[in-house]
Amino acid sequence: MDQLAILDRRRLRRKLTFWRVLALLVIVGLGFALYRLGGAEGGVVLPHVAQVKITGMIQDDTELLERLEEIAENDSAEALVVSITSPGGTTYGGERIFEAIRAVAEKKPVVSDIRTLAASAGYMIAAAGDTIVAGDNSITGSIGVIFQYPQIAELMDKLGISLEEIKSAPLKAEPSPFHPPSEAAQQMIRSMIMDSYDWFVDLVAERRQLSREEALRLADGSIFTGRQALQVRLIDTLGGEPEIRAYLESRGISQDLPMVEWKDSDDSSSLWFAHAMAEFVRLTGLSEVFGPAALRPWGGDKLFLDGLVSVWQVGKE
């Protein structure tokens, strides 16, 4: 092959690489635009069933409330599955999330999916769904309200420490950890607890279509397995995803729709775009130019790991 032919081939390769890079940049720009238009949940614009996972202690969670509001307004999310694994939390936090889920239910079907545990405020949230699905051995119930406070008066006495206070009224700053509560303070606390408890019982009675007497019998703090909860009508169905899908189909939601988890926007939603671009590079053959093999001499293999990863690697000979 003469020198001229070699030069022509090199020019052709450079042109081909240029157009590949240009095409990649265009796709990146379009993909980023779609990602931004799609919102915080990975740019999901196709019809799907949204899923939100609620785990751990329940509190007043502004981010979760905003996420639920976005799902309510997103026409691509045709239904919502709320998967719950929680021992409970604050009554106020449960109330806010309950109301946010009911706002979604006004626009699209909502299924409460009780996993390992959904007790107390966890069950309060589950009651917001149009239907509740639980495992045979899931734990739920614990309907009630509790208010706890520490007492360190005896410890202070042993250490020889005293605390003096002057208050505008006897019930100011009660209960105090520095002395046992007075009878009036105990009555005040109990009145507050019972007011929240009555609200919780009424919520359960309304959502589960129980009489108040029936709800009260179940609201003694008892916990139930999924099977027991089904017998006392605290849940609707035993099972998992197949039963969830069957219910959604009865509400006109196709079983073919993918279930997409809407995560905390600070979590890993940004990884969606990385996955999409990796697949694009593979399909277009650009992996030979930009893939790990091509970039390995410059440490490129580290660039294709999702998120921050600490990996122990055996040194090469």
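Quick caveat: nothing in here was measured; it's all calculated off a predicted structure.

A look at the environment of T91
Take T91: it is sitting in helix α3 (residues 91-105). On a C-alpha basis, the gap between T91 and Q59 in space is 8.2 Å, while along the polypeptide they are 32 residues apart. The residues touching T91, leaving out its near neighbours within four places in the chain, are M124, V145 and W199.

Considering the layout of surface pockets
Taking a probe equal in size to a water molecule and rolling it over the atoms shows the remaining empty space. Computed from the structure, the largest pocket encloses a volume of approximately 320 Å³. The set of elements that each furnish at least two residues to the lining of the largest pocket consists of α4 (121-126) and α6 (183-207). Here the lining of the largest pocket gets four residues from one element, more than from any other, and that element is α6. Residue classes in the lining of the largest pocket are distributed as nine nonpolar, seven polar and no charged.

Concerning α6
With 25 residues, α6 extends 36 Å between its outermost C-alpha atoms, agreeing within 8% with the 36 Å of an ideal straight helix rising 1.5 Å per residue. Turning to α6, its buried residues are A185, I189, I193, Y197, F200, V201, L203, V204 and A205. As for α6, its buried residues are in contact with α3, α4 and α7 (212-218). Just beyond α6, the residue with positive phi is Q209, at close to 55 degrees.

Topic: the packing of α3 against α6
At a closest axis distance of 12 Å, the pairing of α3 and α6 adopts a crossing angle of 25 degrees. Viewed along their axes, α3 and α6 adopt a mutual orientation that is roughly parallel. Here α3 runs over α6; the crossing is left-handed. In this structure, α3 contributes T91, E95, F98 and R102 to the contact, and α6 contributes W199, L203 and R207.

Overview of the pairing of strand β2 (residues 77-86)
When a strand is regular, its side chains alternate between the sheet's two faces. Across the ten residues of β2, eight count as buried, placing the element largely inside the fold. As a crossover connection, the stretch from strand β1 (residues 48-55) through helix α2 (residues 62-73) into β2 is right-handed.

Details of unusual backbone geometry
In this model, E174 is joined to P175 through a cis peptide bond whose omega is 0 degrees. Here P175 lies in the loop between α5 (153-159) and α6. At S142, a position not held by glycine, the phi torsion is positive, near 55 degrees. Tracing the backbone shows S142 in the loop between β5 (139-141) and α5.

Rules behind the numbers
- Throughout, a residue's number is its position along its own chain's written sequence, starting from 1.
- Local features in a predicted model are, by the rule used here, given only for residues with pLDDT of at least 70; side-chain atom pairs are given and counted only at 80 or more, and totals for whole chains, interfaces and linings are based on all residues.
- No hydrogens and no water enter the side-chain calculation; it runs on all heavy atoms of the structure.
- Helix and strand definitions here come from DSSP, where helices need a minimum of 4 consecutive H or I residues and strands a minimum of 2 consecutive E residues; each element is numbered from the N-terminal end.
- In this description, contact between two residues means that some pair of their heavy atoms is separated by no more than 4.5 Å.
- Buriedness of a pocket was judged along seven lines, with at least five required to meet protein on both sides within 12 Å; pockets are open sets of points on a 1 Å grid over the protein atoms alone, cavities are sets where a 1.4 Å probe fits but cannot get out, and lining residues have an atom within 4 Å of a point.
- Grid points are joined across faces, edges and corners, and a volume is the space filled by probe spheres set on the points.
- Residues were grouped as follows: Ala, Val, Leu, Ile, Met, Phe, Trp, Tyr, Cys and Pro as nonpolar; Asp, Glu, Lys and Arg as charged; and all remaining residues, including Gly, as polar.
- Expected span, for any helix, means 1.5 Å times one less than how many residues it has.
- Note on classification: 1.4 Å probe, protein chains only; a residue is buried when its accessible area is under 20% of the maximum for its type, exposed when over 50%, partly exposed between these limits.
- Each axis is a line fitted through C-alpha atoms, and for a helix only the stretch in contact is used; angles between axes span 0 to 180 degrees, taken between their N-to-C directions.
- Put simply, angles under 35 degrees are roughly parallel, angles over 145 are roughly antiparallel, angles from 65 to 115 are roughly perpendicular, and the rest are oblique.
- Handedness of each helix crossing follows the sense of rotation of the near helix against the far helix: counterclockwise by less than a right angle gives left-handed, clockwise gives right-handed.
- For the handedness criterion, the strands are oriented away from the viewer, and a crossover whose path from the first strand over the helix to the second runs clockwise is classed as right-handed.

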